[in-house]
Structures are given as C-alpha cells and as structure tokens.
Amino acid sequence: MAMKAACLVCQIIENKIPSKKIYEDEFAMAVLDVNGSNPGHCFVMPKNHYPIIEQVPDAEIGRLFNISNRISSAIFESLGAQGTNIFVANGIPAGQTVAHFTINVIPRRENDGINLQWQPKQLSEEEISTVELKLKEQTKNLGFEKDEKAEAEKPRIHVKKPVALSEEEDEYFSRQMRRVP
Amino acid sequence: MAEQNIDQEQLNALQEKLRQMSPEELREFQKKQCIFCQIVANKVQSRRIYEDGRVLAILDINPANPGHILLLTKEHYSIMPQLPDDEIAHVFKVAKSLSNSMLKGIDAHGTNVIVANGIAAGQRAQHFMAHIIPRKENDGIIFVLPQKPMEQKEIEAAGDRIIAALSGSAKEEKSEKGASLDEISKLLGAR
C-alpha cells in the first residue's frame, strides 16, 4: 500500500481508526462521516494514497464515481432524501482538509443548513474570452476518444502494486499549504 | 410563451400528465424543453471548452469564478442516478482533465467538482451536469457544510439503511416520506 503514516484517511482504511464502513472493495472504501452535515453523509476514498484528483488514475476515477453514484441512489431509496450532492474539494483553497482524495456523497433536504451555492461573478467580455482561450489551449489535446477504445480492450481493474507518487506530486499538497497566508 | 399564463388548474393538469408518463416518455418530454439539449445541439450558443462523442464542456454564464465549467452529457439525463456506469466513468475522467487544465492553464490553486441531484440539493437545470470550479485563496466562495450534533445511533441507523439499499434488500424498509428517483426527476421537469 502506498500509505502515508500521517494520513488520517489511510489510517481509517488500515482500520487503525474505527469507522462505520458502507462499502469496501479491493481498492476503494466508503465510510460514514460521524460529524456529518446530514445523517448518511458518506466519504468515498481510494485505498491508495493520492492527495488530489489529478493523481488518481483514470480507471480508479471511473470506479470511485460509480461507487459514489450507487451510494447516492441508495440514499435516495433508503433515507427518503430529497436530493444528493456529490462534492469534491481539490486543494486547500477549495476547502480540502485531508491530503487524501475523497468524494463526499451528501443526503439533502430542503432547508437543511447546507449551502453549496455561489454568487455569480460579473466578468467583462475580455476576461471571459481570455479564460476561454487559455482553457481551450489546455483541452485541445485531451484525446479521450482514443483512450476509450484502448480501455475497452483492457480487462477489469486490478490494483496490483502500490502506486508510488513522484516527489513532486507528493509535495503538491504541502506546497498548497504554504501558499495559504 | 403561453406557459407563463397558465392558471393553477392547468398547472395541476400538467403535473398530473407528468406523473402519468413512463420514464421514457418523460425523458422525451424533458429533452424537448431542455435548454442544455439545445446547447448540445448547437441551437443555443455557448462557449465550448471541450467536446467529444459523449460530453460537452462549456463556460458557465453565471460563474462562481472565471473559468467555471459545466460538463454536460450529450444524452439527456435529468439526474446522475439515471446515467449508465460507463457514462459516469467517462464524465469524471473528463472532469479530472478539466480540473487539471485549470491548475495548469488559468493558475487555479484548487478546484471543486460538484453535482446536485434534485432541487433540494441546489439543482436548477433539468439536465445532468458536473460543475468544475477553479478556486483561489479568498475568492469569496463559501461552501457551508455544517457539522451538526447528531446521535451516534441516528448516524449508525442511516448507515445501516444505506448498506441495506446497496445490497438491494431495503425494499420493505423504504421510507414513505421519501420521493422516488422518478419523482425527483419529474419535479425538475415540472419547473
């Protein structure tokens, strides 16, 4: 296991910290948030230690979000929720508090005190065009169609060996930390 | 539009009609009215950031921050539980790449990925989408996830019900207060 001794989530996964498990397979685990925003609030986490979403391999992304969707559907069915949120905070400025990629699945009711809304920002045409061009420059070579074909030929996911993060990746989170004033 | 002048009786009739529809009929009905399906079909203009056979990413016209992206499925689904597994896998792989694009391309220091299912969760459109929001320190966005004091028993009970539903054995325990997925979807369609 690419486990970080200091990581709270890794300790939960290794059963060193007790938790209420909702789901577990060879590479993912879902547990209840004991200080949750609403009863039934779940965390879905990869067993391997990845601080942020960019480091999670695509195959695991697909599985983790499918598990989250199953749990969201189960929340609708079994808790009488009026809605659910799937929420990911990636990096400290986004509200991430533990350096282990986690998907929040949150049961919702009207007026439950949770707020995931925002005030729209007024931008000038120039600001919008600039950001549009910069993002397009980044996305022009994503090439998912090719990947999909290659992936269709692959067998089921196996997490065979521990995933070693490069030092650079591993330090991303702490670098983020230093940026915070 | 004529719809703006409908009275209560007509509204009730419309809601009754929606209630009678099969999931397939409902999807067709919603699709015709869906602004995001028109954006996908290029009948309504948008600023397209990424597109492939299954998804379209556009800039949100009411952004939380500059570069805020809406990632839409090209197929019309009103809520995430309606998406097939392979569609979900694809959507979130693309979401990951878009998040990465924000860190690299527009100097974001973090990102949020948010899906809202149902009006109570903050969903406004009747078309499934993932929001990808670039974040910086002190950008004025405050998401509130309060930590409520809860009885350990209450939490455990909620957990047990979710586990039972996941294993498909929760039918008889189904909450009477709870709206079914079809109803959640229909409520969006009736707005």
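For clarity, every value in this text was computed on a predicted model and none was experimentally measured. (Residues numbered from 1 in each chain as written. Chains lettered and ligands numbered in written order. Predicted model: local features only at pLDDT ≥ 70, side-chain atom pairs only at ≥ 80, totals over all residues.)

All right, on to the overall build of chain B then. Each helix and strand counted, chain B has six helices and five strands in total. Along its sequence from the N terminus, chain B presents helices and strands in the succession α-α-α-β-β-β-α-β-β-α-α. The buried share of chain B, taken over its 191 residues, is 44%. (Helix = DSSP H or I, 4+ residues; strand = E, 2+ residues; numbered from the N terminus. Buried ≥ 20, exposed ≤ 12 C-beta atoms within 10 Å, placed from the backbone.)

Grouped together as the largest cluster of nonpolar side chains are 91 residues, with contacts concentrated most on Val44(A), Ile71(A), Ala57(B), Leu71(B) and Ile162(B). What Ala57(B) contacts, discounting residues up to four positions off in sequence, is Ile49(B), Tyr50(B), Ile69(B), Leu71(B), Val94(B) and Leu98(B). (Core = buried A, V, L, I, M, F, W, Y, C linked by C-beta atoms within 7 Å. Contact = placed C-beta atoms within 7 Å.)

Residue and element names in this part refer to chain B. When the pLDDT values of chain B are averaged, the result is 87; 89% of them are 70 or greater. Scored below 50 in pLDDT, residues 170–177 shows 13 contacts in the model against residues more than four places distant or in partner chains. Both confidence scores are given for the complex: pTM 0.83, ipTM 0.84. (pLDDT = per-residue confidence, 0-100.)

Further remarks concern the packing of helix H2 (residues 58–79) of chain A against helix H4 (residues 85–105) of chain B. In contact at an axis separation of 8 Å, H2(A) and H4(B) are set at 120° when each is read in the N-to-C sense. The angle between H2(A) and H4(B) places the two elements in the oblique class. Pair H2(A) / H4(B) crosses with right-handed handedness. Contact residues: Asp58(A), Ile61(A), Gly62(A), Phe65(A), Asn66(A) and Asn69(A) in H2(A); Asp85(B), Ile88(B), Ala89(B), Phe92(B), Lys93(B) and Lys96(B) in H4(B). Of the residues in the contact of H2(A) with H4(B), the class split is five nonpolar, three polar and four charged. (Axes fitted to C-alpha atoms, helices over the stretch in contact; angles between N-to-C directions. Parallel < 35°, antiparallel > 145°, perpendicular 65-115°, else oblique. Left-handed = near helix turned anticlockwise from the far one by under 90°. Nonpolar A, V, L, I, M, F, W, Y, C, P; charged D, E, K, R; others polar.)

The next point concerns the interface of chain B and chain A. Across the boundary between the two partners, chain B contributes 76 residues, which contact 74 residues of chain A. Among the secondary structure elements, those contributing two or more residues to the side of chain B that touches chain A are strand E1 (48–51), H4, strand E4 (110–117), helix H5 (152–166) and helix H6 (181–189) of chain B. The element contributing the most residues to the side of chain B that touches chain A is H4(B), with 15 residues. Residue composition of the side of chain B that touches chain A, by class: 39 nonpolar, 21 polar and 16 charged.

Turning our attention to the pairing of strand E1 (residues 21–24) of chain A. Residues and elements named next belong to chain A. Relative to strand E2 (residues 28–32), E1 runs antiparallel, the two being bridged by three bridges. For Tyr23, the partnering residue across the bridge sits in E2 and is Ala30. Here E1 folds back onto E2, and the loop between the two strands holds three residues. (Pairing = 2+ DSSP bridges.)

A few words on the sheet that holds strand E4 (residues 83–90) of chain A. Taken in spatial order, the ten strands of this open sheet run E1(A)-E2(A)-E3(A)-E5(A)-E4(A)-E4(B)-E5(B)-E3(B)-E2(B)-E1(B), and their pairing is antiparallel. At either end of the open sheet lies a strand with only one pairing partner, and these are E1 of chain A together with E1 of chain B. Taken over all neighbouring pairs, the strand axes of this sheet differ in orientation by 20° on average, direction set aside. In the sheet, E4(A) pairs with strand E5 (residues 103–108) of chain A via five bridges, with the strands oriented antiparallel. Along E5(A), the bridge assignment pairs Gly83(A) with Arg108(A). Relative to E5(A), H2(A) is tilted by about 15°, and along the sheet it contacts E1, E2, strand E3 (42–46), E4 and E5 of chain A together with E4 of chain B.

A few words now on the confidence of the model for chain A. Parts of the model with low pLDDT should not have their predicted coordinates read in detail. Considering every residue of chain A, the mean pLDDT works out to 84; 77% of them sit at 70 or more. A low-confidence stretch, residues 174–181 of chain A (pLDDT under 50), is modelled with nine contacts involving residues beyond four sequence positions or located in other chains.

Our focus in this paragraph is the packing of helix H3 (residues 125–139) of chain A against H4(B). Contact pair H3(A) / H4(B): the axes reach a minimum separation of 9 Å and the direction vectors enclose 120°. In this view, H3(A) runs oblique relative to H4(B), as classed from their interaxial angle. The handedness of the crossing between H3(A) and H4(B) is right-handed. Residues Lys134(A), Leu135(A), Glu137(A), Gln138(A) and Thr139(A) of H3(A) pack against Leu98(B), Ser101(B), Lys104(B) and Gly105(B) of H4(B). In terms of residue class, the contact of H3(A) with H4(B) is built from two nonpolar, four polar and three charged.

Here the focus is the pairing of E1(B). Residues and elements named next belong to chain B. Looking at chain direction, E1 and strand E2 (residues 55–59) are connected through three bridges and run antiparallel. When the sheet's bridge partners are listed, Arg48 is paired in E2 with Ile58. Following E1, the chain reverses through three residues before pairing antiparallel with E2.

What follows is about H4(B). One turn of an α-helix holds 3.6 residues; hence residues three or four places apart share an orientation. Residue and element names in this part refer to chain B. Spanning 21 residues, H4 covers 30 Å between terminal C-alpha atoms, matching the ideal 30 Å at 1.5 Å per step. Taken across its 21 residues, H4 has 16 buried, putting it largely inside the fold. Once H4 finishes, Asp107 follows within two positions and takes phi at roughly 55°, a positive value. (Expected span 1.5 Å × (residues − 1).)

Here the focus is the environment of Val91(B). All names here are of chain B. If you trace the backbone, Val91 turns up in helix H4. Of the residues examined, Val91 has 24 C-beta atoms within 10 Å and is grouped as buried. Each residue touching Val91, except ones within four places of it in the same chain, is listed here: Val55, Leu71, Thr73 and Ala130.

With that out of the way, let us pick up unusual backbone geometry. Working note: non-glycine residues mostly have negative phi, and peptide bonds are mostly trans. Residue and element names in this part refer to chain B. Although it is not a glycine, Asn42 sits at a positive phi angle of roughly 70°. A positive phi angle is found at Asn138, which is not glycine, with a value near 50°. Residue Asn138 is classed as exposed on the basis of its 8 C-beta neighbours within 10 Å.

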